[in-house]
Amino acid sequence: MKKKIVLATLTAISVSYAKDLTLQEAIETGLKNNYEVKATENLLKSKEYQYESAKGMRLPSLTFSEMFMRTNEPGFAMWNTMSQKKLDFMTSSKFVDMTAMNLMFPQPLFSKPSYPEVNAWRTKLELQLPIYTGGKLSSGIDMQKRDYEATKKDLVRAKEKAIYDISKAYYGALLAKEAINLANQAYKDAEKHYNTAVSMVKNGLAIPADELRAKVYLSDMKSKIKEAENNYLVAKRGLLLAMGLDKVDPSEIDVVGHLQCEAINDSVEDYQNYALSHRSDLIAIREKVKIAEKMIEFNKADMLPTVGAFASYELNDGKWMLGNEGKWWMAGVALNWKIFDGFQSFNKYKSAKETYNQYKHQEKGFEEFIKFSVYKAYKDNQTEQEKLKTAEENLKYAQEILKITEVRYKNQLASMIDLLDTQTMYDKIKFDKAQAEYNCQLSVLELKYQTGKLIEENQKRGE
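Each chain carries its own residue numbering, running from 1 in the written order of its sequence. Side-chain atom pairs in this predicted model are given and counted only at pLDDT of 80 or more, local residue features only at pLDDT of at least 70, and totals for whole chains, interfaces and linings cover all residues. Water and hydrogen atoms play no part in the side-chain values, which are based on all heavy atoms of the structure.

Draft legend 1. Expanded view of the overall build of the protein chain. Put simply, DSSP H or I for four residues or longer makes a helix, DSSP E for two residues or longer makes a strand, and each gets a number counted from the N terminus. Check the secondary structure of the protein chain and you find 10 helices and 8 strands. In this setup the radius of gyration rests on C-alpha atoms only. A globule is expected at 2.2 Å times the number of residues raised to 0.38. Relative to the compact-globule value of 23 Å for 463 residues, the protein chain shows a C-alpha radius of gyration of 41 Å, a clear excess of over 25%. Taking the principal axes of its C-alpha atoms as reference, the protein chain extends roughly 155 × 45 × 40 Å. Categorising residues by exposure relies on relative accessible area from a 1.4 Å probe, with only protein chains included: less than 20% of the type maximum marks a residue as buried, more than 50% marks it as exposed, and the intermediate range marks it as partly exposed. Every one of the 463 residues in the protein chain was classed for burial, and the buried ones make up 40%. Residue contacts follow a heavy-atom distance rule, with two residues in contact if any of their heavy atoms lie within 4.5 Å. Restricting the contact set of the protein chain to residue pairs at least 6 apart, pairs at least 24 apart contribute 78%. Treating the 68 positive side-chain charges of the protein chain as one cloud and the 64 negative ones as another, the clouds have centres 3 Å apart. For the purpose of charge, His is not counted, nor are the chain termini; Lys and Arg are scored as positive and Asp and Glu as negative. Note that the charge is assigned to NZ on lysines, CZ on arginines, CG on aspartates and CD on glutamates.

Here it is as structure tokens:
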């Protein structure tokens, strides 16, 4: 019974594993912890808030303000007094020289202005509502929405890249694990040859040099086991890195499974057509093209008038929160139209059109690049499939040659050098076959990644 992965999430992510780790478990864990995926998730959340913020521009804005002013500047002091309903004919003389009017009265009524300091507390509510913006608001909101949708597709592609990296690292770990098995088998074969040489030397059927050669070869095979084990640890460390785990000892996990190249049955055209309709980064580019198209309308709105409504209500008093001596309101509608701005708006409009054409060409170029990438991955897979077939055939031939050479050595028709050379060739071809299996499966992985099928494949595998 295979042990299950146990995930323990603390303040900082820490994961403890039982012995075995499957590819599906590695992918599921990696999608939760991969740094690029998490960064793109944060970006997506930011884009969502930007979109919600843009939608809020359609709604009225309500502003509250509280202001205190103390001044003896005649204009402002008189205005504050009037706002508080305290300004009359006599009070005005404190701010305006009205002594010339004393000639009209038997007794002088007015003295020289004293220009007193006046306190003013103003509490105000202001309401503003856009009515017509020439399409600027709707274009801006639509651009933010498409930017948000494009980032969703970027997140899908980030997950696909994580699956690609994790799968590639996992297959590398399987290859390294297979290399340990091959090294152990090579050691057993070398030990068998050494025992044969010892027996033949003892019976006078071989020279002592054969025993020494076999012993040296056996020692070399033993060192290769240690080398393979270290390579396996390095491969597992790379896998943990791809999974976004930096606190797990690679010696605590063991990848399970065998390298096996999947068959590709669909045509290259099928893969290309699928990629053109499903590649998430291509869909994101298409959304950005639409954003560039909306930017034309956005800049065109600068050449059109805007209409908005406004209203306000305010309280004025000379003391804070002790009275409402002056209560005033205001409401209205305003039209603004920038008739001439040195052709700034017009040139921005033309620039937006050129930017849109630029993105359209980039979209077409990206489509052709994707088709080429799929084509290359498809042909590379065909090449690797043929190399795997060749490696499998070579292994059969090498195995037969080794059997013959072992018999010939026992019959004194071949030397120990011949036997060890044949064994070395056989061991190399076995590893070449494992390497071919790995390369073939990587080509399948690359084809699926370039096609945009990794998310779909992962979901099927998890069901």
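And the narrative resumes.
Draft legend 2. Seen up close, the confidence of the model for the protein chain. Within a predicted model, pLDDT stands for the predictor's per-residue confidence, ranging from 0 to 100. Across the protein chain, the average pLDDT comes to 89, with 95% of residues at 70 or higher. The least confident element of the protein chain, judged by mean pLDDT, is strand β1 (residues 6–9) at 35; the most confident is helix α6 (residues 268–278) at 96. Taken together, the stretch residues 1–18 has pLDDT below 50 and engages in 36 contacts with residues farther than four places along the chain or on a different chain.

Draft legend 3. Spatial organisation of a nonpolar patch on the surface. On the surface, a cluster of nonpolar side chains totalling about 710 Å² of accessible area is made up of Leu62, Phe64, Leu125, Leu127, Tyr313 and Trp329. Within the residue set of the nonpolar patch, elements represented by two or more residues are β4 (61–71) and β5 (118–132). Secondary-structure assignment places Leu127 in strand β5. The residues that make up patches have over 30% relative accessible area and no salt bridge, and they are joined within 9 Å when like-charged or within 5 Å when they are Val, Leu, Ile, Met, Phe, Trp or Tyr. Areas reported here follow the Shrake-Rupley algorithm with a probe of radius 1.4 Å; residue values treat only the protein chains shown as occluding. One side-chain nitrogen of Lys or Arg within 4 Å of one carboxyl oxygen of Asp or Glu is enough to make a salt bridge.

Draft legend 4. Spotlight on the packing of α6 against helix α9 (residues 416–451). Helix axes are fitted only over the stretch in contact, all axes being lines through C-alpha atoms; the angle between N-to-C directions runs from 0 to 180 degrees. Direction vectors running N to C along α6 and α9 enclose 45 degrees, while the axes themselves pass 8 Å from each other. When the axis of α6 is compared with that of α9, the two are oblique. Between α6 and α9, the residues in contact are Tyr271, Tyr274 and Ala275 and Leu447, Gln450 and Thr451, respectively. Residue composition of the contact of α6 with α9, by class: 4 nonpolar, 2 polar and no charged. Orientation categories follow fixed angle ranges, with anything under 35 degrees roughly parallel, anything over 145 roughly antiparallel, 65 to 115 roughly perpendicular, and all other angles oblique. Here the nonpolar group is Ala, Val, Leu, Ile, Met, Phe, Trp, Tyr, Cys and Pro; Asp, Glu, Lys and Arg are the charged ones; every other residue, Gly included, is treated as polar.

Draft legend 5. Quick peek at the packing of helix α4 (residues 136–202) against helix α5 (residues 208–242). Across the interface, α4 lies against α5 with an axial gap of 8 Å and an inter-helix angle of 165 degrees. Judged on the interaxial angle alone, α5 and α4 are roughly antiparallel. In this structure, α4 crosses over α5, and the sense of that crossing is left-handed. Taken together, the residues of the contact of α4 with α5 break down into 26 nonpolar, 5 polar and 10 charged. Crossing chirality is assigned from the near helix's rotation relative to the far helix, an anticlockwise turn below a right angle marking it left-handed and a clockwise turn marking it right-handed.

Draft legend 6. Molecular detail of the side chain of Gln423. With respect to the helices and strands, Gln423 occurs in helix α9. On the basis of relative accessibility, which here comes to 0%, the residue Gln423 falls in the buried class. In protein, a polar contact means a hydrogen-donor-capable atom and an acceptor-capable atom, both N or O and within 3.5 Å, with residues adjacent in sequence counting only if both atoms are side-chain atoms; elsewhere, any N or O pair within 3.5 Å suffices. Side-chain polar atoms of Gln423 contact the side chain of Asp189, separated by 3.3 Å. Sequence-distant contacts of Gln423, that is, excluding residues within four places in its chain, are made with Asp189, His193, Tyr217 and Leu402.

Draft legend 7. Region of interest: the pattern of salt bridges. Under the criterion given, the structure shown has 34 salt bridges. Between Lys124 and Glu126 there is a salt bridge whose closest N-O contact spans 3.7 Å. Lys152 is paired through a salt bridge with Glu149; the nearest N and O atoms lie 3.6 Å apart. Of this pair, Lys152 and Glu149 are both found in helix α4, 3 residues apart, which corresponds to roughly one turn of the helix.

Draft legend 8. Representation of the packing of aromatic side chains within the structure. Side-chain rings of Phe, Tyr and Trp (the six-membered ring for Trp) are treated as a pair once their centres are within 6.5 Å; stacked means planes under 30 degrees apart, edge-to-face means over 60, and tilted covers the remaining angles. Tallying each qualifying case throughout the model produces 9 aromatic pairs. On the basis of an interplanar angle of 85 degrees and a centroid distance of 5.3 Å, the ring pair of Phe340 and Phe343 is categorised as edge-to-face. Side by side, Phe340 and Phe343 carry an identical accessibility label, which is exposed. In this structure an aromatic cluster arises from ring pairing among Phe89, Phe105 and Phe110. Geometrically, a lysine NZ or arginine CZ counts as sitting over a ring once it is within 6 Å of the ring centre and also within 35 degrees of the ring normal. Stacked on the ring of Trp328, the Lys or Arg Lys85 has its end atom at 5.4 Å from the ring centre.

Draft legend 9. Spatial organisation of α5. One less than the number of residues in a helix, times 1.5 Å, gives the span that helix is expected to have. The end-to-end C-alpha separation of α5 is 52 Å, in line with the 51 Å expected for 35 residues at 1.5 Å each. Where α5 terminates, the next one or two residues include Gly244, which has phi positive at roughly 80 degrees.

Draft legend 10. Seen up close, the environment of Glu126. Among the secondary structure elements, Glu126 is positioned in strand β5. A relative accessible area of 32% means that Glu126 is categorised as partly exposed. As for Glu126 and Ala150, which are separated by 24 residues in sequence, their C-alpha atoms are 37 Å apart. Leave out the neighbours within four places in its chain, and Glu126 touches Ser61, Leu62, Thr63, Ala311 and Ser312.

Draft legend 11. Up close: the sheet that holds strand β7 (residues 306–317). Paired strands, in this sense, are two strands between which DSSP finds at least two bridges. Taken in spatial order, the 4 strands make up an open sheet running β4-β5-β7-β8, and their pairing is antiparallel. In the strand order of this sheet, the two ends are held by β4 and β8 (326–336), each with one partner. In this sheet, adjacent strand axes meet at a mean angle of 20 degrees when their direction is disregarded. In this sheet, β7 lies alongside β5 in antiparallel orientation, the contact comprising 11 bridges. When the bridges of β7 are listed, Leu129 appears paired with Ala309.

Draft legend 12. Main features of the nonpolar core. The nonpolar core is taken to be a set of buried Ala, Val, Leu, Ile, Met, Phe, Trp, Tyr and Cys residues, with the residues joined through side-chain atoms within 4.5 Å. By size, the foremost hydrophobic cluster in this structure holds 47 residues, and its most contacted members are Leu21, Ile166, Tyr170, Tyr171, Leu239, Met243 and Val255. Among the elements of the structure, α1 (23–33), α2 (35–55), α4, α5 and α9 are those that each provide at least two residues to this core. No other element matches the 18 residues that α4 contributes to this core. Counting residues in each nonpolar core, the second largest holds 20 residues, with Ala186, Ala197, Ala206 and Leu395 among its members.

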